[in-house]
Amino acid sequence: MRAPSPRLVAALAVSAGVALLPLARTWGLQWGATEAELDAPLPGDDIVPAPGLVATRGITIDAPAEQVWPWLVQLGQGRGGFYSYDWLENLVGLGIHSAQRIEPRWQELAPGDEVHLARSAALAVTVLDPPHALVLTAPDATFSWAFTLQPGRFRTTRLVVRERYATPQWWAAPVNEVVGAVSTVMSRRMLIGIRQRAQAAAH
């Protein structure tokens with residue numbers, strides 16, 4: 001029996017990759033979230049009422065919400081960073097430096113304050129409900145980023161993060177998909193980074 005040609009092997013590999021793309025996309029947009037969390041309404045959902053793309057991700061943290069909340073409050077460029085891959089963010093000049101401890105100078109946050117993604121890009125605080133919910137919104141209300149803390153068993157906390165992207169013009173739809181893919185990588189690391197920091201501080 002003849003071995004399959006390299007061309008056939010390559011074609012099969014490409015076909016398999018294309019077939020798996022929808023599964024990988026769904027996994028990335030729903031990483032760590034339960035079915036109940038995917039279906040549950042969260043603070044800030046009304047800001048982008050008919051989104052073209054939604055990502056809901058979650059993680060369990062072995063610390064009470066009161067000890068996780070300070071890490072969320074100091075999010076931002078020029079503040080506590082995003083607890084993700086700083087080196088990737090800084091490759092494009094974002095100047096992100098994720099904090100390893102809670103800094104009192106970054107604990108003051110109020111509705112209407114800006115949280116910078118970069119020096120020239122910021123989201124506004126639209127919901128601030130300590131220690132339950134923090135929602136950041138783009139100036140044109142085309143994007144919302146909700147961080148919610150829900151108490152679990154044995155003084156654990158579920159951190160559920162939801163991104164909602166407004167439906168773009170047809171020609172810009174692929175941009176949302178690229179942003180969603182990048183968000184999968186960075187947000188997953190951010191959730192793990194918050195968990196590591198909060199648990200280390202709590203214990």
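Note that the structure is a prediction, hence the values are computed from the model and not measured.

Undergrad: It is not clear to me how the pairing of strand β3 (residues 121-129) should be interpreted in this structure. Could you clarify?
TA: Side-chain direction in a regular strand flips from residue to residue, so the side chains alternate between the two faces of the sheet. Note: strand β2 (residues 114-118) against β3, 4 bridges, orientation antiparallel. Each residue of the ladder has a partner; that of A118, found in β3, is A121. Between β2 and β3, which follow one another and run antiparallel, lie 2 residues. Pairing of β3 with strand β4 (residues 133-137) involves 5 bridges; the strand directions are antiparallel. Looking across to β4, one finds that V127 is bridged to V135. Counted between consecutive antiparallel strands, the loop separating β3 from β4 contains 3 residues.

Undergrad: Honestly, the sheet that holds strand β1 (residues 51-61) in this entry has me stumped. Any pointers?
TA: Hydrogen bonding along the main chain pairs the strands of a sheet, whether they run parallel or antiparallel. Spatial strand order, β1-β6-β5-β4-β3-β2: 6 strands in an open sheet with antiparallel pairing. Each edge of the sheet is formed by a strand with only one pairing partner; in this case those strands are β1 and β2. The sheet shows a mean angle of 20° between the axes of neighbouring strands, taken without regard to direction. Sheet topology places β4 next to strand β5 (residues 143-151); 5 bridges connect them, and they run antiparallel. When the sheet's bridge partners are listed, A133 is paired in β5 with T148. Along the sheet, helix α3 (residues 65-73) contacts β1, β3, β4, β5 and β6 (157-166); its crossing angle with β5, the most-contacted strand, is approximately 160°.

Parameters and conventions
- Residues numbered from 1 in each chain as written.
- Predicted model: local features only at pLDDT ≥ 70, side-chain atom pairs only at ≥ 80, totals over all residues.
- Heavy atoms only, no water.
- Pairing = 2+ DSSP bridges.
- Helix = DSSP H or I, 4+ residues; strand = E, 2+ residues; numbered from the N terminus.
- Axes fitted to C-alpha atoms, helices over the stretch in contact; angles between N-to-C directions.
- Contact = heavy atoms within 4.5 Å.

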